Amino acid sequence: MRRKISPTRTTRAVQLLAAVALFMAGTGALAGCGSEQSGGSGNKVRATGQAPEAAARARRVAGAWDGSKAAEAWRAGYHPMGEAVELPEGGFHDKADERAYATQNFVLRGRLPAAPERDGRVTWDSGGSLTRPLMGARGAYERFARGAHDGPHLTVTGARLGKMTLATSRGPATVPAWLFALEGYDTPLKSVAVGPSKLPKPPIGPAAESPSGELWELRGLVEVAGDGRSVTVVGNHGACDDGPVVHVLETDGSVVLFASVAGQRDGLCTDQLLGREVTVKLDRPVGDRVLLDAATGRPVPYGGPNGRSPSWS
């Protein structure tokens, strides 16, 4: 099992290899295609050429989480599964502004409000709500801005408290957000104003090192499809293989993903960890089931194009 993962930034290979990933998806090289095997107790494991050791680990992870206090706490909490920052309506005006945002090059002209002395409320579209402490505008600003430097920049002239919609582990939710006014734009850039719930302690530890490389840790979740019947994740792989393959075990309480690498070749090879997007089809919508990584024994973290979201627990 490979665990060399940058905690802050997804490698540029994710974006560069996206087209390759889409091509492989069309040829059936990615997960979700192939035979379907019984996982026991009515559970289904769907994958291509899965390793028995990895499949057994996925069943242990599902067994530990299903019906556990950790799963109960996860379903009751606020765990973002989408970008914590929303761009102005219609996106940026030109390539220069896009570059400024990508390089986090912002200039602040004006004062930012402090945190209100009250909690914010997260409200789910499906019903239910939860209160979370509000952060000040400065904390939300630093989520996307790292200070001014040479090159194109965006200018923030002020901020006010408002709302935005965000994907979470419990479905779409309306959350408090700081709305930042940008010079030259009619609509604001939004940044979530509340922090996530604390991750519950997992009922199972990470998998032991896999000498044969049969189980690789996932880098993160990219998105859950609108109908909930597929998930896209970033799988890790090396420079001398055919890329990641992600298998799935579905139970009533969890969706366990277990990743491997196809076509590993012997001989001299550069030592690098690459990432590629993989879309995994499910038998039924994710719903309120916990999406888990068999390698870590933990929920799969949300990770956008620039690494794990700052809103992730």
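Further up the page is the structure itself.
These figures come from a predicted structure and were not determined experimentally.

Criteria and thresholds
Residues numbered from 1 in each chain as written. Predicted model: local features only at pLDDT ≥ 70, side-chain atom pairs only at ≥ 80, totals over all residues. Heavy atoms only, no water. Helix = DSSP H or I, 4+ residues; strand = E, 2+ residues; numbered from the N terminus. Buried < 20%, exposed > 50% of the residue type's maximum accessible area, 1.4 Å probe, protein only. Salt bridge = Lys/Arg side-chain N within 4 Å of Asp/Glu carboxyl O.

### Brief notes about the environment of Trp 74
Okay, step 1: Note that Trp 74 resides in helix α4 (residues 69-76).
Okay, step 2: You can call Trp 74 buried: its relative accessible area is 2%.
Okay, step 3: The spatial distance from the C-alpha of Trp 74 to the C-alpha of Asp 288 is 9.5 Å, given a sequence separation of 214 residues.

### Focus: the pattern of salt bridges
Okay, step 1: Applying the stated criterion to the full structure yields five salt bridges.
Okay, step 2: Here Lys 95 makes a salt bridge to Glu 98, at a shortest N to O gap of 3.7 Å. With Lys 95 and Glu 98 both in helix α5 (residues 95-102) and three residues apart, the pair spans about one turn of that helix.
Okay, step 3: Among the residues examined, Glu 98 registers a relative accessible area of 38% and is labelled partly exposed.
Okay, step 4: With a shortest N-O distance of 3.0 Å, Asp 252 and Arg 284 are connected by a salt bridge. Residue Asp 252 is located in the loop between β12 (243-250) and β13 (254-262), and its partner Arg 284 is located in the loop between β14 (274-281) and β15 (290-293); the two are separated by 32 residues in the primary sequence.
Okay, step 5: For Arg 284, a relative accessible area of 35% corresponds to the partly exposed category.

### Let's talk about unusual backbone geometry
Okay, step 1: Positive phi outside glycine occurs at Gln 104, with the angle close to 55°.
Okay, step 2: The residue Gln 104 is located in the loop between α5 and β4 (106-108) in this model.
Okay, step 3: For Gln 104, a relative accessible area of 18% puts it in the buried group.

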